[in-house]
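What follows is each chain in one-letter form.
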Amino acid sequence: MKDFNQQVREYKDIQEQSKDHIKQASENVSDLVATTIRVYRGQMPKEVESVILDLAMYYQDGATAHCSYLERSNNLMDDLFKRVEELAKINQQHVQYSIQLAKVLKEAGFDIGPIPGEEKEE
């Protein structure tokens, strides 16, 4: 279970780092576009300026969508993690109940073989 927990944490850390990198890249593109338009305003045709702005918006829309995807992915991973923990608890309860049942059956005279956690009779 600890290996799984560690893998979940590592996955989420990578997702968060990816989201931070995407946001930073989007901000850098915005800065670059703003600087390019400010520096070259009046020196380039309006069509070129329009294309640059369209490409910047397209990039930012993609970055926003990707960050949303990463956030949803992290939320799903959180949900999966919680469900695995619940399943592990249920499984542990099942094991305990099975051991208790085996002890009762053994005391009742049934030959059920060794019971986990008990010392072997010699």
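Residues numbered from 1 in each chain as written. Predicted model: local features only at pLDDT ≥ 70, side-chain atom pairs only at ≥ 80, totals over all residues. Heavy atoms only, no water.

Asker: Break down the overall build of the protein chain for me, citing the residues and quoting the values.
Answerer: Of the regular secondary structure elements, the protein chain holds 2 helices and 0 strands. Taken over C-alpha atoms, the radius of gyration comes to 29 Å for the protein chain, far larger than the 14 Å a tight globule of 122 residues would show. If one aligns the C-alpha atoms of the protein chain with their principal axes, the spans along those axes are about 95 × 20 × 15 Å. Summarising the internal contacts of the protein chain: among those between residues at least 6 apart in sequence, 61% fall at separations of at least 24. Charged side chains of the protein chain number 15 positive and 22 negative; the gap between the two group centres comes to 4 Å. (Helix = DSSP H or I, 4+ residues; strand = E, 2+ residues; numbered from the N terminus. Rg over C-alpha atoms; globule rule 2.2 N^0.38 Å. Contact = heavy atoms within 4.5 Å. Lys, Arg positive; Asp, Glu negative; His and termini not counted. Charge placed at Lys NZ, Arg CZ, Asp CG, Glu CD.)

Asker: Break down helix α2 (residues 46–107) for me, with residues and values.
Answerer: The end-to-end C-alpha distance of α2 is 91 Å, a good match for the 92 Å that 62 residues give at a rise of 1.5 Å each. Three or more residues of α2 are buried, namely E49, A56, A63, C67, L70, S73, N74, M77, F81, I99 and A102. Positive backbone phi, at 100°, marks G109, one or two positions downstream of α2. (Expected span 1.5 Å × (residues − 1). Buried < 20%, exposed > 50% of the residue type's maximum accessible area, 1.4 Å probe, protein only.)

Everything listed is a geometric property; what it means functionally is a separate question.
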